[in-house]
Amino acid sequence: MFQYEIALVVGSLRKESLNQKLANALAKLAPPTFTFKQVQIGNLPLYNQDDDNNQAESVKKLKADISSAHGLIFITPEYNRSMPGVLKNALDHGSRPYGQNAWAGKPAGVLGCSPGATGTALAQQHLRNVLAYLDVPTLGQPEVFIQVKEGLFDAAGNIGEKSKPFLQTWMDKYVAWIERHSL
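First, a word on scope: everything that follows refers to the structure included in this document. (Residues numbered from 1 in each chain as written. Predicted model: local features only at pLDDT ≥ 70, side-chain atom pairs only at ≥ 80, totals over all residues. Heavy atoms only, no water.)

Turning our attention to the pairing of strand E2 (residues 34–38). Sheet topology note: the strand E1 (residues 4–10)/E2 ladder contains five bridges and is parallel. Each bridged residue has a counterpart across the sheet, and for Ala7 the counterpart in E2 is Lys37. The handedness of the E1 to E2 crossover, carried by helix H1 (residues 18–27), is right-handed. (Pairing = 2+ DSSP bridges. Helix = DSSP H or I, 4+ residues; strand = E, 2+ residues; numbered from the N terminus. Right-handed = clockwise from strand over helix to strand, strands pointing away.)

By rolling a water-sized probe across the atoms, one finds the places where empty space is left. For the largest pocket, the calculated volume is near 210 Å³. The wall of the largest pocket is formed by Lys88, Asp92, Ser95, Arg96, Tyr98, Gly99, Asn101, Val130, Tyr133, Leu134 and Asp135. For the lining of the largest pocket, the secondary-structure elements that each account for two or more residues are helix H3 (85–94) and helix H4 (121–133). In terms of residue class, the lining of the largest pocket is built from four nonpolar, three polar and four charged. (1 Å grid on protein atoms, 1.4 Å probe; cavity = no way out; pocket = protein on both sides within 12 Å on 5 of 7 lines; lining within 4 Å. Points joined across faces, edges and corners; volume = space filled by probe spheres on them. Nonpolar A, V, L, I, M, F, W, Y, C, P; charged D, E, K, R; others polar.)

What follows is about the packing of aromatic side chains. As enumerated under the stated definition, the model contains four aromatic pairs in all. With 4.8 Å between their ring centres and 25° between their planes, Tyr4 and Phe34 make a pair best called stacked. With Tyr4 in strand E1 and Phe34 in strand E2, this residue pair connects regions lying 30 residues apart in the sequence. Here Tyr4 and Phe34 have matching classes, each one buried. Look at Trp170 and Tyr174: their rings are 5.2 Å apart centre to centre, the planes differ by 10°, and that puts the pair in the stacked class. Taken together, the positions of Trp170 and Tyr174, both in helix H5 (residues 164–181) and four residues apart, correspond to about one turn of that helix. In terms of burial, Trp170 and Tyr174 fall into one category: buried. An aromatic cluster is built from Phe2, Tyr4 and Phe34, whose rings are joined through pairwise contacts. (Phe/Tyr/Trp six-rings, centres within 6.5 Å; stacked < 30°, edge-to-face > 60°. Buried < 20%, exposed > 50% of the residue type's maximum accessible area, 1.4 Å probe, protein only.)

What follows is the structure, given as structure tokens:
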């Protein structure tokens, strides 16, 4: 049985991150043929084109993790109506130097959660714009803009019963997306 390795890219570094919690819970909705590995982005230096020919070990590790994955899931909070700087920094590192874009061709899903009423809609739109430029085919529907409310997660940290059908539908569509685009 073929095993799909999915790179989880969480755009939050906060210890109690809701999006980290979402990433962990979401992975449990996937079939057993899918495994998930979180890509570390908090240890990357700020992107500087002068370093393209002498990339830090953390950048090389990021690019290796992306290159070995069959697909990507981006789980992002929204900071000031856009994606967090740490996520944009990781995207820039993974795409450089020119002609060595580790993200290219990797099918992806995008989602996020926030206490705000619009979830992470604007952050996701900005992220999708960057991913389009980086040649990352991205699942378009269903969109997932989650306003965090009581019951989103159960006591064990899993997706709560009321949210589970919607997020299971998203995961099922994502799985089909990866199976169609990753081989």
